[in-house]
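# Report on the structure
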Amino acid sequence: MNAPTLASVSIIGTGLIGQAWAVVFARAGCITTLWDGNAQAAQQAVTLIEQQMQTLAQYGLVDDVPGAMARIRVADSLEAAVADTGYVQENLPEVLDIKLDIFARLDAAAPPEAILASSTSGIPASAFTEKLAGRARCLVAHPVNPPSLIPVVELCGAPWTSEQTLGRARAIMDAVKQKPVTVLQEIDGFILNRLQGALLREAFRLVEQGYVSVEDLDTTVSDGLGLRWSFMGPFETIDLNAPQGIRDYAQRYGPLYQELAKTQVDTRPWSGELIDNVTTARRADLPETELAARRAWRDQRLMALAAHKQHASDNHNDTDMQDTH
C-alpha cells in the first residue's frame, strides 16, 4: 500500500460507529474528514470524539490526543468530504435505499482510486453496488462496535469487487492497527454474527429447557470459554487441548460433538416468554437504571484488555526481533 492511500480518509455518517472509526484513523495519523447529512451532528461528533480519545489516552490507546484531533476535519458537503480521499468508510442507517443513494453519490464524487467501504452489518455489498461504474472498488468493512476498542474488521466484497481492492483494504486496516478478516464470499451475517448467533441460540435453548440459569450461563462464558477466546480462536483452542493437536482432538471428542449436534437443530424463534424470563433474570442482577453505568464499565474493561493485548503483542514482537539477531 502506498502512502497516499492512507494519508486521507473520509467518514460518512457520524453516529457511534462513525465516531469510533474517526478515532481509529486519526490516531493512526490519517487526515480524517467527517460528513453527516445533519451538519449539527457532525460538529457535535468532534466533541464526542475528543472525549473518547481522552479516555482512551488514559489506557495508552491514543498517544497524542491534540495531534489526533488536529487531523479531524468536518466537510460542508459529501462531495467536499471525499474530493481528495483515498478511503471512504460509510456508516449510515441499515436501509438499502439509503445505501444505494449514498454509494451512487460516493462513486460519482470520490477519486477513481479511492476505496468505498460500508460498515453495514447485514446488507451485502452486491445489493447496493451492482450498477455503479466503480463497483470493483466497493466492499463491506464490517466492524465490531466500537472499532476503536475491538479491532476485528470483516472485509467482504461483492462478486465484482477486485482482488486489488480487497488487498488494499486489508493493508489499510493492518496499517491503522485493526485486525482484518477476509470473508471469501458473501454470506448473511458475515462471520462474527453467525458465530455469535450460534452461541446465543444455544444459550437461550439451555436456559429455556431448564439446564442452567441466566447468571450461570454468562459465567460459563465470561469465566470459562471467554478467557481463552480473548487471545486465541476456537481452532487454536482445540489444537492446544489435545496432545497431538487438531486431528487428535477430533478423534477424541468428535463423536461427542456429533451427538450434541443432533440436539442443536431447533430453529424456532425465541419466544416472548423466554425473552421475558431472561429479561427478568438480567434486571434482577442489573436494574435498568444501571445499564448506562454498566456499559461504561464494559468499555473501561475493554480498554484495559486492549491495552494489555497491545502490551503483550509489543513484547512478543520485541522478542521476535531479538531472536533474529
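Presented here is a report on the structure given in the accompanying data block. If you're wondering where the values come from, they're calculated on a predicted model, not measured in any experiment.

Cut-offs applied
For every chain, the first residue of its written sequence is number 1, and the numbers climb from 1 along that sequence. Confidence filtering applies because this is a predicted model: local features only for residues at pLDDT of at least 70, side-chain atom pairs given and counted only at 80 or more, and all residues used for totals across whole chains, interfaces and linings. Here the side-chain values reflect all heavy atoms present in the structure, with hydrogen atoms and water set aside. Only protein chains enter the accessibility calculation, which uses a 1.4 Å probe; a residue is then buried when its area is under 20% of its type maximum, exposed when over 50%, and partly exposed in between. Secondary structure elements are defined from DSSP: runs of H or I of at least 4 residues count as helices, runs of E of at least 2 residues count as strands, and each element is numbered from the N terminus. In this analysis, strands are considered paired if DSSP registers two or more bridges between them. Helix span is expected to be 1.5 Å times the residue number reduced by one. Arc definition: directions from the helix axis to the C-beta atoms. Contact between two residues is taken to exist if any of their heavy atoms lie within 4.5 Å; hydrogens are not considered. Within 6.5 Å between ring centres, the rings of Phe, Tyr and Trp (the latter by its six-membered ring) count as paired, and their orientation is classed by plane angle as stacked under 30 degrees, edge-to-face over 60, tilted in between.

### Things to note about the pairing of strand S2 (residues 31–35)
Judged by how many residues are buried, S2 sits mostly within the fold: four of five residues are covered. One ladder, built from five bridges, connects strand S1 (residues 8–12) with S2; its direction is parallel. Counterpart to Ser8 in the pairing with S2 is Ile31.

### Considerations on unusual backbone geometry
In this structure, Pro146 follows Asn145 across a cis peptide bond, with omega equal to -5°. If you trace the backbone, Pro146 turns up in the loop between strand S6 (138–143) and strand S7 (152–157). Even without a glycine there, the phi angle at Lys177 is positive, about 70°. Relative to the helices and strands, Lys177 resides in the loop between helix H8 (163–175) and strand S8 (179–183). On the accessibility criterion, Lys177 (62% relative accessible area) is exposed. The phi angle at Phe190 is positive, at roughly 55°, despite the residue not being glycine. Summarising the element assignment, Phe190 is placed in the loop between S8 and helix H9 (192–208).

### Considering H8
Across its 13 residues, H8 extends 18 Å between first and last C-alpha, which sits within 8% of the 18 Å expected from 1.5 Å per residue. Taken residue by residue, H8 has Thr165, Leu166, Arg168, Ala169, Ile172 and Met173 as its buried positions. For H8, the angular spread of the buried residues around the axis is 165°, confining them to a single face. The exposed set on the far side of H8, more than 90 degrees from its buried face, consists of Glu163 and Gln164.

### Description of the environment of Ala114
With respect to the element layout, Ala114 can be found in the loop between helix H6 (96–109) and strand S5 (115–118). The buried category is assigned to Ala114, whose relative accessible area is 0%. Look past the residues within four positions of Ala114 in its chain and what remains in contact with it is Thr85, Gly86, Tyr87 and Arg137.

### So, the packing of aromatic side chains
Summed over all chains, the structure comprises six aromatic pairs. Ring geometry for Trp21 against Phe25: centres 5.5 Å apart, planes inclined by 20°, an arrangement best described as stacked. A residue pair is termed a helical-turn pair when its members lie 3 or 4 positions apart in one helix, as Trp21 and Phe25 do in helix H2 (residues 16–27) at four residues. Exposure remark for Trp21: the relative accessible area of 0% places this residue in the buried category. On the numbers, 4.6 Å between centres and 50° between planes, the contact of Tyr249 with Tyr253 is tilted. Here the residue Tyr249 and the residue Tyr253 both occupy positions in helix H12 (residues 246–261), the gap between them amounting to four residues, near one helical turn. A residue is classified by how much of its surface remains accessible, and Tyr249, at 11% relative accessible area, is buried. Overall, the relative accessible area of 31% leaves Tyr253 in the partly exposed class. By the ring-pair criterion, three or more aromatic residues cluster together here, those being Trp21, Phe25 and Tyr87.

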